[in-house]
Amino acid sequence: MDQFKQIHSLQNPLVKKVLALKDKSRERKRTGLFVLEGRQEVQLAIKGKFELETLLIYPEVCDDRDFLKSLEDLRPRPELIHVSNEIYKKLAYRETTEGILAMAKAKSHRLEDLAIHTENPFILVAEAPEKPGNIGAMLRTADAANLDALIIADPKTDLYNPNIIRSSVGSIFTNQIAMASTSDTIAFLREKNISILCAALTASKIYTHIDFNRPSALVVGTEATGLSEKWLEHSHQNIIIPMAGQIDSLNVSVSAAILIFEGLRQRGL
């Protein structure tokens, strides 16, 4: 393994760069870089063909020679840096990330780059989600269900927000993800002959009465305002989850999970 460089000062320019990438969406967009932490997240990023630019190791915590050896075949190879305890505590969100942080290059996530390999695709579309926790939870569900893609229409939040990466527990690297306008997403689904199934309160059928055994895109909106009129105008069928209590909606990530796994049940999971 290559010799590690050493960083011991909080004033080091690289430390300041990592902090800026963690805290500022503008800096992530300007540089095309983002920060991730944890062995699982780094391994999933590598498996997902994300390019690691820099790997920062706190050697007192991370002494895994097998993990470090697995990095030898990476091309291009990341710069390897040992950091002090003071720096690691400053950079890490939590102490349970096994002494590993990395800077990686973001992907473009264009609609035209989606590779739909199945004849009967199942896709989740989330319109304008804002809360990182909800986005991370939907990414985890998409991975668990092995969906063909997750499309974020009219995105409001930087996909590489550290809170999304953390709440997705690395599934941001395991899913096919596209980001596009609502109009472009609708056009894409119609071109691919994928049925648009909108989670909505009006003109809806109960979700267990819907046939998911066809190319389908399940579309969910925000908890505050639901889906925009444009989605409802192009919906092939609106669907609803019956409520037995006094409120009329669930958390969007919970709703998406219920609907997705009903679709998988019908598909023979």
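Residues numbered from 1 in each chain as written. Predicted model: local features only at pLDDT ≥ 70, side-chain atom pairs only at ≥ 80, totals over all residues. Heavy atoms only, no water.

1. Let's talk about the packing of aromatic side chains
The geometry of an aromatic ring pair comes down to the distance between the two centres and the angle between the two planes. The condition is simple: Each Phe, Tyr or Trp ring (for Trp, its six-membered ring) is paired with any other whose centre lies within 6.5 Å, and the angle between the two planes then decides the class: stacked below 30 degrees, edge-to-face above 60, tilted in between. Put simply, DSSP H or I for four residues or longer makes a helix, DSSP E for two residues or longer makes a strand, and each gets a number counted from the N terminus. The classification of residues rests on relative accessible area computed with a 1.4 Å probe and restricted to protein chains. Under 20% of the type maximum is buried, over 50% is exposed, and intermediate values are partly exposed.
Counted according to the given criterion, the structure contains seven aromatic pairs. Taken together, a centroid distance of 4.3 Å and an interplanar angle of 25 degrees make the contact between Phe34 and Tyr160 stacked. On the criterion of sequence distance, the pair formed by Phe34 in strand E2 (residues 33-37) and Tyr160 in the loop between strand E7 (149-153) and helix H7 (162-167) is long-range, its members being 126 residues apart. Ring centres 5.3 Å apart and planes at 20 degrees place the aromatic pair Tyr58 and Tyr88 in the stacked group. With Tyr58 in the loop between strand E3 (52-57) and helix H4 (65-69) and Tyr88 in helix H5 (residues 85-91), this residue pair connects regions lying 30 residues apart in the sequence. In terms of burial, Tyr58 and Tyr88 fall into one category: buried. Aromatic rings pair up to connect Phe34, Phe50, Tyr160 and Phe173 into one cluster.

2. A closer look at the environment of Thr31
With respect to the helices and strands, the residue Thr31 is situated in helix H2 (residues 25-31). For Thr31, a relative accessible area of 27% translates into the label partly exposed. Once the C-alpha coordinates of Thr31 and Gln237 are considered, the two residues, 206 residues apart in sequence, prove to be 42 Å apart.

3. Observations regarding the sheet that holds E2
Defined as follows: Note on pairing: two strands pair once DSSP finds at least 2 bridges between them. Note on geometry: axes are C-alpha line fits, over the in-contact stretch for helices, and angles between N-to-C directions span 0 to 180 degrees. The contact criterion used is simple: two residues touch if any of their non-hydrogen atoms lie within 4.5 Å.
A sheet is described by the order of its strands in space; here five strands give the open sequence E1-E4-E3-E5-E2, paired in mixed fashion. The sheet is open, and its two borders are formed by strand E1 (5-7) and E2, each paired with just one other strand. Neighbouring strand axes in the sheet, compared pairwise and without regard to direction, differ in orientation by 25 degrees on average. Pairing analysis gives five bridges linking E2 to strand E5 (residues 100-105), with the strands arranged antiparallel. Bridged to Glu37 within E5 is Leu101. Contacts from helix H1 (residues 13-23) reach E1, E2, E3, strand E4 (79-83) and E5 within the one sheet, and its direction differs from that of E2 by about 90 degrees.

4. Some details on helix H6 (residues 132-144)
Put simply, the rule is: To estimate the expected span of a helix, subtract one from its residue number and multiply by 1.5 Å.
For H6, built from 13 residues, the straight-helix expectation of 18 Å at 1.5 Å per residue is met to within 8% by its first-to-last C-alpha distance of 18 Å. Within the span of H6, buried status applies to Asn134, Ile135, Gly136, Met138, Leu139, Thr141 and Ala142. Looking at the buried positions of H6, the neighbouring elements they touch are strand E6 (122-127), E7, H7, strand E8 (177-180), strand E11 (216-220) and helix H10 (252-266). Where H6 terminates, the next one or two residues include Asn146, which has phi positive at roughly 55 degrees.

5. Here we look at helix H3 (residues 39-47)
Stated precisely, the cut-off is as follows: Here the arc refers to the directions that run from the helix axis out to each C-beta atom.
Those residues of H3 not exposed but buried are Glu41, Val42 and Ala45. Seen from one end, H3 has its buried residues packed into an arc of 100 degrees, which puts them on one side. Residues of H3 that are buried in the fold lie against E2, E3, H4 and E5. Residue Lys49 follows H3 closely and has a positive phi angle near 65 degrees.

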